[in-house]
Structure formats: structure tokens, C-alpha cells
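# Survey of secondary and tertiary structure
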Amino acid sequence: MIEFRDVTKTFPDGTVAVAGLDLAIPPRQVTVFVGSSGSGKTTILRMINRMVDPTSGRVLIDGVDIGSREPVALRRSIGYVMQNSGLLPHRTVLDNIATVPVLRGEKKRDARARARELMTVVGLDGSLADRYPAQLSGGQQQRVGVARGLAVDPNILLMDEPFGAVDPLVRAELQTELKRLQSELDKTVVFVTHDIDEAFLLGDQVVLFKPGGLVGQVGTPAELLENPADDFVAGFIEAGRPRSILR
């Protein structure tokens, strides 16, 4: 369980990115943050692993205030997948996946063995193990990024618009792959997107943000579609022209 309790984030220039956020993210489900640019969704995601600290309020994981946790140790216990994969260009696929376990003190041999297993889990052919990121397609790079995020077997996986930079066909494949992975691995996934269709396809819970980090509505995809909270929510959904078949 991840909880935000009266969380506010104000940047030094006075910009209020998040205002009085109260939100519960249930365990072992996919929660999707969706909203336009400037709605604070990525800032809120990065508060979970202390890449961003709140100006006020508290963020808790299983009842423990993460402000009491050492930031680097916290980050290494949480999976993180970003747009454009963020792979280290001078390291092979295998060593990219093994990065965090090695940083945590795991023997390189063991970390690389686990990395090979994860390549299979995310649908990467073993023949790619010794290639470098520049030798991979965009979709393959994102799969490596997902494998790296899973390398320490985290309970929580944060995904910041991970499929936004690939073409629509590859994006659809990666969305399907994520649904398969979640059905097998049962993680607490927090996923950021600006695409309402993607949010409805992937999310067990969807949080639609208004500008300024305000929550427009929280609910299942069906709840948002059938009972939008206000005109803003209804307009955002309509503009997104969702095509997903809800579960």
C-alpha cells in the first residue's frame, strides 16, 4: 500500500505542482496516473522513490513514512522504468539489467544469471545479451528497461510514460506484454501516461489529474467512463477517444 497524506509540492519558483494530495494506491494492482502536461503526475510518481521530496505532507509505504528512509537505498528497492529506457550506452544488455543488483552488492555472476532469466520473462531473445543499446530497436530497449526495473524483484514498479517514445504497433505489443507480466508477477505498479486509452487499457485503478496536481477522479476505468465526476473529467475522456475494451 502506498499512501499520500496531504502532500504538497511547491518548486523554488513558486510553481505549485501538487496541492494537498490524499491518495491510496492499493497493493498488487496497476494504478495509472493520467492527465495533461503540468498536472503533476510525474512529480507525484517520483515522490514514491524520493527522487522528489514533498514540500509538506507525508508519503507512506505499508504505513512507514518514506521520509525516514535513506533515499538511495529506497530507490534501489523500487523498480523504475522511464521513457526512452534510460539505458547505459556503454554497457551490454545483460549488464544494463544487472546494474542495480550489482550496486546492492550482489555478485556480478549471480546478477548476470538473473538478468538472463529476466530477458526471457520480458520476451527478449537470449542472443541479444551481449549487444549494446544502440544495436537494439526501440521496443527492445524498452523491454530491457522493464527487465532492469524487475531485476531486484521489487514489490513496487514505477513506470514513467515507458511506451511514449515507440511507434503505435510496438506500443500495443508492450502494453500487452505488461498485462501478461502483471498477471504473472503480481506487483504494485504505478504507471504514468497522458493517453486516456492507455490508462483504461492497463489500469485497475485510474487517477485522472487536473492541472496543479489536483485529483479530478479516482476509480476503475468503467467508473470513469460511466460516471465522470465533472465536466473536466468528461471532456478529458472524450478528447482521448478511448478505444479499449474494458475487462
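Our structure's up above, just so we're on the same page.
Rules of the game
- Residues numbered from 1 in each chain as written.
- Predicted model: local features only at pLDDT ≥ 70, side-chain atom pairs only at ≥ 80, totals over all residues.
- Heavy atoms only, no water.
- Helix = DSSP H or I, 4+ residues; strand = E, 2+ residues; numbered from the N terminus.
- Rg over C-alpha atoms; globule rule 2.2 N^0.38 Å.
- Buried < 20%, exposed > 50% of the residue type's maximum accessible area, 1.4 Å probe, protein only.
- Contact = heavy atoms within 4.5 Å.
- Areas by Shrake-Rupley, 256 points an atom, 1.4 Å probe, with all protein chains shown as cover.
- Lys, Arg positive; Asp, Glu negative; His and termini not counted.
- Charge placed at Lys NZ, Arg CZ, Asp CG, Glu CD.
- Expected span 1.5 Å × (residues − 1).
- Pairing = 2+ DSSP bridges.
- Core = buried A, V, L, I, M, F, W, Y, C linked by side-chain atoms within 4.5 Å.
- Polar contact = N/O pair within 3.5 Å; in protein donor to acceptor, adjacent residues only side chain to side chain.

In this section: the overall build of the protein. Helix and strand counts for the protein stand at 10 helices and 10 strands. On C-alpha atoms alone, the protein measures out to a radius of gyration of 18 Å, which is about the 18 Å that the 2.2 N^0.38 rule sets for 247 residues. A principal-axis box enclosing the C-alpha atoms of the protein has dimensions of 55 × 40 × 35 Å. Classification of the 247 residues of the protein by burial places 47% in the buried group. Sequence-distant contacts, at least 24 apart, represent 66% of the contacts inside the protein between residues at least 6 apart. Summing over all exposed atoms, the protein offers an accessible surface of approximately 11,600 Å²; the carbon and sulfur share of this is 50%. Across the protein, the 29 positively charged side chains and the 31 negatively charged ones have centroids separated by 7 Å.

With that settled, consider helix α6 (residues 138-149). Taking 1.5 Å as the rise per residue, α6 with 12 residues should run 16 Å; its terminal C-alpha atoms sit 17 Å apart, in good agreement. With nine of 12 residues buried, α6 lies mostly within the body of the structure. Considered for burial, the residues of α6 that qualify are G139, Q142, R143, V144, G145, V146, A147, R148 and G149. If you follow the buried residues of α6, they end up packed against β6 (79-82), α3 (93-97), α5 (108-121), β7 (156-160) and α7 (168-185).

Among the five residues in strand β3 (residues 30-34), five count as buried, and that is most of the element. Side chains V30, V32 and V34 project from β3 onto one buried face, and the interleaved T31 and F33 project onto a second face that is buried too. The pairing of β3 with strand β8 (residues 188-193) spans five bridges and is classified as parallel. Its bridge partner being in β8, V34 is matched across the sheet by T193.

Moving on, we come to the nonpolar core. In this structure, I97, M119, M159, F191, I196 and L208 are the most contacted members of the largest nonpolar core, which totals 43 residues. Setting aside chain neighbours within four positions, we find L208 in contact with V34, I196, L214, V215, G216, Q217, L224, F232, V233, F236 and I237. The next biggest cluster of nonpolar side chains, apart from the first, holds 26 residues, and it includes I25, L45, V59 and L158.

Relative to the helices and strands, Q205 is located in strand β9 (residues 205-210). We classify Q205 as buried; its relative accessible area is 13%. A distance of 3.4 Å separates the side chain of Q205 from the backbone oxygen of A24, its partner in a polar contact. A distance of 3.4 Å separates the side chain of Q205 from the side chain of T31, its partner in a polar contact. With sequence-adjacent residues up to four places away left out, Q205 is seen in contact with A24, I25, P26, V30, T31, V32, V218 and G219.

For the rest of this paragraph, the subject is the sheet that holds strand β2 (residues 16-25). As summarised here, the arrangement of the four strands in space is β2-β1-β4-β5, forming an open sheet in which the pairing is antiparallel. Either end of the sheet is taken by a strand with one partner, and the two such strands are β2 and β5 (64-65). Looking at chain direction, strand β1 (residues 2-10) and strand β4 (residues 56-61) are connected through five bridges and run antiparallel. In the strand pairing of β4, R5 is matched with R58.

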